[in-house]
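Structural description and commentary
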Amino acid sequence: MMLVLPVPMVTALVLGFMVLRMLAGDRRPFAIAVFLSACALQGLIVALVQYYSVTSLQPVQPVTASTVPVCAWLAFRSSFIEPLRPGRDFIHLAAPAFTLFCVLFAPITVDAIIPLLFLAYGVRILMALKTGGDTLPLARLEAGRQPQWLWAGIATSLILSALSDSLIAYVIFAGAPSLKPLIVSIFTSAALLAAGLLGLSPNAFGEGDVKEFPRPEQPEATEADAEIVARLDALLAAETLYLDPALTLARLARRLKLPAKTLSTAVNRVTGDNVSRHINRFRINHACDRLKLGDNITTAMLSSGFNTKSNFNREFARVTGKSPTLWLKTEAEENVRPPQMSNRSN
């Protein structure tokens, strides 16, 4: 007889395996591991309660559910904005505590609280992402805006979980509780699995190919802005920091002893680009030098601070006006072209 596992149980097992693999060797922030563990735990408890009738866990289910959006927000903040500070960030743990209070003393409110928590934190992440660009100082510059899109997917999965909880409450109210397992399988499991798998991407946890969002016009560059960019360029030329694919705006700002926002604004005003595009110009110039020395495209890409072929190709075309292949072909043609003889009259 073949063993058939419910979808939430499969979700929990997949995420649990991912967490173990992460802890065994992959480098991930602690908050990301906690977030994925919360997703795995919730999938396990949903399966035990809904499919195996472990009724003793019913009061636990809403409490563990409330930890998922909280952990998502803390993982996002610590990955892209700034490291966690207990006094400031752990106040969010009040959400699971409040949920526990409601389970014990006002259970009728729980069906409304859980969807609201998922919705609130999903929207909060989307609002933080809306600013984009250099306002996420811990994002890896090499990744462009890929981290924003990954976390937009995680935020959307939280909102879908809120929708599933609302649908479950509705079908119970409408007298169709038989639809509850189907809703749980389709919505809750898919949302938890999507959040977990997206969270595993190396570009989803900072040290981050996508289109640029339009930015408002910057004021004219000042002498102070020009001086800051000159210092930045001198630092990059002296230490080739741009060759590190994990380079971040925050790290550059620390080296220059400047606030990240000040550095970002100066680069925007002087060059018209954000810091990521400015750094990538150095990387592309380095890649061109490597190609001239005989490196193949992949080797030149990896040795110049890029991790993804799509990002490298896009930035190469932006800086040089050509694809890497066409650039190489043009260089080869110029090198074999015989020098023109000047016409001299005898």
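Residues numbered from 1 in each chain as written. Predicted model: local features only at pLDDT ≥ 70, side-chain atom pairs only at ≥ 80, totals over all residues. Heavy atoms only, no water.

**Some words on the overall build of the protein chain**
Scanning the protein chain from N- to C-terminus turns up 15 helices and zero strands. Counting over 346 residues, the protein chain shows a buried share of 44%. Roughly 18100 Å² of accessible area belongs to the protein chain as shown, and the carbon and sulfur atoms make up 64% of that amount. (Helix = DSSP H or I, 4+ residues; strand = E, 2+ residues; numbered from the N terminus. Buried < 20%, exposed > 50% of the residue type's maximum accessible area, 1.4 Å probe, protein only. Areas by Shrake-Rupley, 256 points an atom, 1.4 Å probe, with all protein chains shown as cover.)

**A short note on the state of the cysteines**
Applying the stated rule across the entire model yields zero disulfides. In this structure Cys 71 is a free cysteine whose sulfur lies 8.1 Å from that of Cys 39, the closest cysteine sulfur available. (Disulfide = S-S within 2.5 Å.)

**Considerations on unusual backbone geometry**
One non-glycine residue with positive phi stands out, namely Ser 53, at about 55°. Inspection of the secondary structure assignment puts Ser 53 in the loop between helix H2 (30–50) and helix H3 (60–80). A relative accessible area of 54% places Ser 53 in the exposed class. Unusually for a residue other than glycine, Lys 257 sits at a positive phi of about 55°.

**Some remarks on a nonpolar patch on the surface**
There is a patch of nonpolar side chains on the surface, built from Leu 5, Val 10, Leu 13, Val 14 and Tyr 52 and spanning about 390 Å² of accessible area. Checked against the element boundaries, Leu 13 lands in helix H1 (residues 7–24). (Patch = residues over 30% accessible without salt bridge, like charges linked within 9 Å, V, L, I, M, F, W, Y side chains within 5 Å. Salt bridge = Lys/Arg side-chain N within 4 Å of Asp/Glu carboxyl O.)

**What about the confidence of the model for the protein chain?**
Residues at a pLDDT of 70 or more form 80% of the protein chain, whose mean pLDDT is 80. The element-level mean pLDDT for the protein chain is lowest in helix H8 (residues 180–199), coming to 61, with helix H5 (residues 94–105) highest at 94. Note that residues 207–216 has pLDDT below 50 and, in this model, 31 contacts with residues that lie over four places away or in other chains. (pLDDT = per-residue confidence, 0-100. Contact = heavy atoms within 4.5 Å.)

**Observations concerning the pattern of salt bridges**
Summed over all chains, the structure comprises 10 salt bridges. Between Arg 77 and Asp 89 there is a salt bridge, and its shortest N-O distance comes to 3.4 Å. Of the two residues, Arg 77 is situated in helix H3 and Asp 89 in helix H4 (residues 86–89); the sequence distance between them amounts to 12 residues. Judged by its relative accessible area of 15%, Arg 77 falls in the buried class. When the shortest N-O distance is used, the salt bridge between Asp 273 and Arg 318 registers 3.7 Å. Residue Asp 273 is located in the loop between helix H11 (260–271) and helix H12 (275–292), and its partner Arg 318 is located in helix H14 (residues 309–320); the two are separated by 45 residues in the primary sequence. Through salt bridges with shared partners, a single network forms among Asp 273, Arg 277, Arg 314, Glu 315 and Arg 318.

**Regarding H5**
End to end, H5 covers 16 Å across 12 residues, agreeing with the expected 16 Å (1.5 Å per residue, within 8%). Turning to H5, its buried residues are Ala 95, Pro 96, Thr 99, Cys 102 and Val 103. Taken down its axis, H5 places every buried residue within 115° of arc, on the same side. Opposite the buried face of H5, by more than 90 degrees, sit the exposed residues Leu 104 and Phe 105. (Expected span 1.5 Å × (residues − 1). Arc of directions from axis to C-beta.)

**Structural notes on the side chain of Asp 295**
Mapping Asp 295 onto the fold places it in the loop between H12 and helix H13 (297–303). Classification of Asp 295 as buried rests on a relative accessible area of 18%. Within the structure, Asp 295 has its side chain in polar contact with the side chain of Arg 290 (distance 2.8 Å). Apart from residues no more than four positions distant in its own chain, Asp 295 is found in contact with Arg 290, Ala 300 and Ser 303. (Polar contact = N/O pair within 3.5 Å; in protein donor to acceptor, adjacent residues only side chain to side chain.)

**Comments concerning the side chain of Asn 280**
Inspection of the secondary structure assignment puts Asn 280 in helix H12. Since its relative accessible area comes to 2%, Asn 280 is described here as buried. Filtering out sequence-adjacent residues up to four positions away, Asn 280 remains in contact with Leu 141, Phe 306, Glu 315 and Arg 318.

**Observations concerning the packing of aromatic side chains**
Under the defined criterion, the tally for this structure stands at eight aromatic pairs. An aromatic cluster is present here, built from Phe 35, Trp 73, Phe 76 and Trp 151 joined pairwise through their rings. A cation over a ring is seen here: Arg 124 above Trp 73, with NZ or CZ 4.4 Å from the ring centre. Across the ring face of Phe 306, the terminal group of Arg 283 is positioned such that the distance to the ring centre comes to 5.9 Å. (Phe/Tyr/Trp six-rings, centres within 6.5 Å; stacked < 30°, edge-to-face > 60°. Lys NZ or Arg CZ within 6 Å of the ring centre and 35° of its normal.)

**Comments concerning H14**
Count 3.6 residues to each turn of an α-helix, and residues three or four apart come out pointing the same way. Helix length check: H14 (12 residues) gives 16 Å between terminal C-alpha atoms against 16 Å at 1.5 Å per residue, within 8%. Among the residues of H14, Asn 311, Phe 312, Glu 315, Phe 316 and Val 319 are the ones counted as buried. Considered in projection along H14, the buried side chains sweep an arc of 130° and stay on one side of the axis. Just past H14, the residue Gly 321 takes up positive phi, approximately 80°.

**Observations concerning the nonpolar core**
Inside soluble globular proteins, nonpolar side chains tend to come together where they are buried. Counting residues in hydrophobic clusters, the biggest one holds 42 residues, and the most contacted among them are Phe 35, Phe 76, Ile 125 and Trp 151. At 11 residues, H3 tops the list of elements feeding residues into this core. Counting residues in hydrophobic clusters, the runner-up holds 19 residues, among them Ala 253, Leu 256, Leu 263 and Ile 279. (Core = buried A, V, L, I, M, F, W, Y, C linked by side-chain atoms within 4.5 Å.)

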